[in-house]
There are 2 protein chains.
Amino acid sequence: MTADRVTHAFDQALQLRTLQQDLQGCRFGGHTHAAWDNMVGPYGGILAAIAVHGVQQHPAFLGQPLALTVNYAGPAAAGAWELQIRLARTNRSTQHWTFELGQTDADGAYSVVLTGTVMSGLRRPTWDGTDMPIPDVPQPETLAPPQDPVFMGWRARYDLRRAGGGLPAQWTPAENAASAELASLDQMWLRDADARPLDFAAVAAACDIFYPRVWQRRRTPTPAGTVSMTVYFHADAPALTAVGADFVLAQARAQEYRGGFFDQTAQLWARDGTMLATTHQLVYYKS
Amino acid sequence: MTADRVTHAFDQALQLRTLQQDLQGCRFGGHTHAAWDNMVGPYGGILAAIAVHGVQQHPAFLGQPLALTVNYAGPAAAGAWELQIRLARTNRSTQHWTFELGQTDADGAYSVVLTGTVMSGLRRPTWDGTDMPIPDVPQPETLAPPQDPVFMGWRARYDLRRAGGGLPAQWTPAENAASAELASLDQMWLRDADARPLDFAAVAAACDIFYPRVWQRRRTPTPAGTVSMTVYFHADAPALTAVGADFVLAQARAQEYRGGFFDQTAQLWARDGTMLATTHQLVYYKS
């Protein structure tokens, strides 16, 4: 299925209304979109996408996104939100932005939902290389969509093909993993369920695609939620255009689980092996 | 050698003068310290330490640092700086802060040096685990300090013992690595040259310890500098106290080098294998 850029659920969720704008930033108004609902509030990936998309809309925006950090400060209620972006510094070839997304409730009380930063810049031809080649996994066409229960709205926005790891077949608690290195490794192909060309905002959204690693590691479903995510964009706009609406491979593994927080390190590649982004997140969990 | 907490170069660099303070944040004044000079401006790690230390000083600060992102927006000149911190949101067990460090030049022009965010929180007893065990490397006492030329002031602040990787013995350009996975792997023990108990600020500083991975990978020295760094703190204060002034093991590897920017993923462990922090950075390079 193909949807155009106006009616696509991703673009609808990213619709911004400019409330105020000057040389140093702007305030945008927007609205949560039910298609992206998660268990509590919107899917974190769509909020990350809104932030980077918003920064890209400013007339002073320089180059292409290079780094994004988004902190999930509190849940977003269904309804209107406001995104403030501010230009902190422009250099010859790089630029630094800060952002805050918040909501005002019926009583007029304002709450911060997101804090974060975006760095952008001009890319130059350099010696390029990779120390993290795409893993050897089956092609997505050979894999069936997973049988995971789709109990969150946003999950239906993606066409997933499990290549390794994933939700446990049986939720039998595992306190100790046979191989620590593999215990939390998750590998999946993903693309928009409704075809849409890949862009920076969509990469940011895809970086939050993984189920909480602690579910896979312990084979126990526990409350968990991302509290901070960082994305480093390695692909430039032409490289994203080359991907189009094709599958990309997403891989994640956890590093450490301690005292209610674990971290995850992850990569996204195009099918031809081009690294699109590397991403990390810190996740709250309860046990 | 032991220095007390007033005269130690690390604590001197972190000295803050409160310029203004309210419930939502404060402005601190400080000054660059020559002991931490890098090639251009201060060592990035000391700036990260100043930011997290500053946030910890606010009376409203909740819990312990969990996540730090610092963006290096521009070089800091030798002299005075100002750190503004702002409390974005306090939840029951977590808190979100933003910060900006800047300088005002002789003409009264203000420039942003750092932007960033800190997340803090209360830790709770949970099931804990690791998917990234400490690598099997020789103990630091069996290793001699490296012969690396110490041409940057900050380098003398640390006692390093190379356990793997490091600067090339010969700067012979290597366009293609025999093993991509190992080509940029760097492993070193580090401790303060002047003994000082480990704390969150010192962990943040240590996360920037690595030479640019691209130097090791290409065996070619090129201009390079960190543009964004994120630290996830996995150790709580008692775990840091247990380390004291002992060596910690730092390991880094690059993931992708493209168009003038590469990223690095890294870990810091206590000698007993306790994960202290995981950290990532995006680094500018020229080729």
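Just so we're clear, the structure is a prediction, and the values are computed from it rather than from any experiment. (Residues numbered from 1 in each chain as written. Chains lettered and ligands numbered in written order. Predicted model: local features only at pLDDT ≥ 70, side-chain atom pairs only at ≥ 80, totals over all residues. Heavy atoms only, no water.)

**Examining the overall build of chain A**
For clarity, the threshold we go by: Only DSSP runs of H or I with at least four residues qualify as helices, and only runs of E with at least two residues qualify as strands; both kinds are numbered from the N terminus onward. All radius of gyration figures rest on C-alpha atoms, and the globule criterion is 2.2 Å times the number of residues raised to 0.38. Using a 1.4 Å probe on the protein chains alone, a residue whose accessible area is under 20% of its type maximum counts as buried, one over 50% counts as exposed, and one in between counts as partly exposed. Note on contacts: a residue pair is in contact if any heavy atoms of the two residues lie within 4.5 Å. Residue exposure ignores everything except the shown protein chains as possible cover, and the areas themselves are Shrake-Rupley values with a 1.4 Å probe. Positive charges are assigned to Lys and Arg, negative charges to Asp and Glu, while His and the chain termini are left out of the count. In this description, the location of a charge corresponds to atom NZ of lysine, CZ of arginine, CG of aspartate or CD of glutamate.
Broken down by element type, chain A carries 6 helices and 13 strands. Over its C-alpha trace chain A gives a radius of gyration of 19 Å, about what one expects of a compact globule, namely 19 Å for 287 residues. Over its C-alpha atoms, taken along the principal directions, chain A stretches across nearly 55 × 50 × 40 Å. For chain A, the proportion of its 287 residues judged to be buried stands at 60%. Expressed as a percentage of contacts within chain A between residues at least 6 apart in sequence, the contacts between residues at least 24 apart total 72%. Summed over its atoms, the accessible surface of chain A is roughly 10,900 Å², and 54% of this surface lies on carbon and sulfur atoms. If the 22 positive side-chain charges of chain A are averaged to one point and the 26 negative ones to another, these points end up 3 Å apart.

**Description of the packing of aromatic side chains**
So the rule is basically this: Think of it this way: a Phe, Tyr or Trp ring, Trp meaning its six-membered ring, pairs with another when their centres are within 6.5 Å, and the plane angle makes it stacked under 30 degrees, edge-to-face over 60, tilted otherwise. We call a charge positioned above a ring when the Lys NZ or Arg CZ atom is no farther than 6 Å from the ring centre and deviates by at most 35 degrees from the ring normal.
This model, assessed by the stated rule, comprises 28 aromatic pairs over all chains. Geometrically, the ring pair formed by W36(B) and Y43(B) is stacked, given 6.0 Å between the ring centres and 20° between the ring planes. Accessibility expressed as a relative area gives 1% for Y43(B), which makes it buried. When the ring of F261(B) is compared with that of Y284(B), the centres are 6.2 Å apart and the planes differ by 65°; the resulting orientation is edge-to-face. Taken as a pair, F261(B) in strand β12 (residues 261-270) and Y284(B) in strand β13 (residues 275-285) lie far apart in primary sequence, 23 residues in all. Owing to a relative accessible area of 2%, F261(B) belongs among the buried residues under this scheme. Judged by relative accessible area, Y284(B) falls into the partly exposed class, the value being 25%. One aromatic cluster is present, built from ring pairs that chain together F10(A), W36(A), Y43(A), W154(A) and Y158(A). Against the face of W189(A) rests R271(A), its NZ or CZ located 5.9 Å from the ring centre.

**Details of the relation of the copies chain A and chain B**
Rules: Superposing copies: least-squares fit, C-alpha atoms only, residues required to have pLDDT of at least 70 in both.
Of the transformation placing chain A onto chain B, the axial shift is 0.0 Å and the rotation is 180°, giving an RMSD of 0.0 Å. Such values leave the two copies arranged in the relation of a two-fold axis. Of the interface residues in chain A, 100% have counterparts in chain B that sit at the interface too, so the contact is made through matching surfaces.

**What to know about the pattern of salt bridges**
The condition that has to hold: What makes a salt bridge here is a side-chain nitrogen of Lys or Arg within 4 Å of a carboxyl oxygen of Asp or Glu, nothing more.
For the structure on display, the rule yields 24 salt bridges over all chains. For E141(B), the salt bridge goes to R271(B), with nearest N and O atoms at 2.8 Å. Separated by 130 residues along the polypeptide, E141(B) in the loop between β7 (129-130) and β8 (158-164) and R271(B) in the loop between β12 and β13 bring together distant segments of the chain. We classify E141(B) as exposed; its relative accessible area is 53%. A relative accessible area of 26% means that R271(B) is categorised as partly exposed. Between D159(B) and R191(B) there is a salt bridge; the shortest N-O distance is 2.9 Å. Note that D159(B) is positioned in strand β8 and R191(B) in strand β9 (residues 186-192), a separation of 32 residues in sequence. Residue class for D159(B) comes out buried when judged on its relative accessible area of 14%. Each of D11(A), R196(A) and D199(A) takes part in salt bridges that share partners, so that together they form one network.

**Remarks on the side chain of S228(A)**
Selection criterion: Residues adjacent in sequence count toward polar contacts only when both atoms are side-chain atoms; beyond that, a polar contact is any pair of N or O atoms within 3.5 Å, and within protein one must be able to donate a hydrogen and the other to accept it.
Positionally, S228(A) belongs in strand β10 (residues 224-233). Engagement of the side chain of S228(A) in a polar contact is seen with the side chain of N71(A), the distance being 2.8 Å.

**Let's talk about the interface of chain A and chain B**
Definition in use: Buried area adds together the accessible area that both of two parts lose upon being put together, with accessible area traced by a 1.4 Å probe. Throughout, the ten residues Ala, Val, Leu, Ile, Met, Phe, Trp, Tyr, Cys and Pro are labelled nonpolar, Asp, Glu, Lys and Arg are labelled charged, and all others, Gly among them, are labelled polar. By the convention used here, strands pair only if DSSP detects at least 2 bridges between them.
Every contact between the two is made by 71 residues of chain A and, on the other side, 71 residues of chain B. Interface area, chain A with chain B, both sides summed: about 6,000 Å², of which 51% is carbon and sulfur. Counting across the interface, chain A meets chain B through 4 salt bridges. When the shortest N-O distance is used, the salt bridge between D131(B) and R217(A) registers 2.5 Å. With 7 residues, the top contributor of residues to the side of chain A that touches chain B is strand β13 (residues 275-285) of chain A. When the residues that make up the side of chain A that touches chain B are grouped by side-chain class, the tally is 27 nonpolar, 28 polar and 16 charged. In the sheet, strand β11 (residues 248-258) of chain A pairs with β7(B) via 2 bridges, with the strands oriented antiparallel. Residue pairing in the sheet places Y257(A) in a bridge with G129(B) of β7(B).

**Some words on the environment of A76(A)**
Positionally, A76(A) belongs in the loop between β3 (64-72) and β4 (80-90). Distance in space between the C-alpha atoms of A76(A) and L66(A) is 26 Å, their sequence separation being 10 residues.

**As for helix α2 (residues 44-57) of chain B**
All names here are of chain B. Rules: Multiply 1.5 Å by the residue count of a helix minus one, and that product is the helix's expected span.
Here α2 is 14 residues long and its end C-alpha atoms lie 20 Å apart, about the 20 Å a rise of 1.5 Å per residue gives. Counting buried positions over the 14 residues of α2 gives 12, a clear majority of the element. All of the buried residues along α2 are G44, G45, I46, L47, A48, A49, I50, A51, V52, H53, G54 and V55.

**A short note on the pairing of β11(A)**
Residue and element names in this part refer to chain A. Among the 11 residues in β11, 11 count as buried, and that is most of the element. Here strand β9 (residues 186-192) runs beside β11; their pairing, made up of 5 bridges, is antiparallel. Residue pairing for β11: L190 is matched across the bridge by V248. Bridging between β11 and strand β12 (residues 261-270) involves 9 bridges; their strand directions are antiparallel. The residue of β12 that forms the bridge with Y257 is F262. Counting the residues between successive antiparallel strands, the hairpin from β11 to β12 contains 2 residues, one of them, G259, with a positive phi of roughly 55°.

**Focus: helix α2 (residues 44-57) of chain A**
Most of α2(A) sits out of view: 11 of its 14 residues are buried. Among all positions of α2(A), only G44(A), G45(A), I46(A), L47(A), A48(A), A49(A), I50(A), A51(A), V52(A), G54(A) and V55(A) are buried.

**Looking at unusual backbone geometry**
Residue and element names in this part refer to chain A. Of note in this structure, R219 is not a glycine but carries a positive phi near 50°. By the secondary structure assignment, R219 is in the loop between α5 (213-218) and β10. A relative accessible area of 33% places R219 in the partly exposed class.

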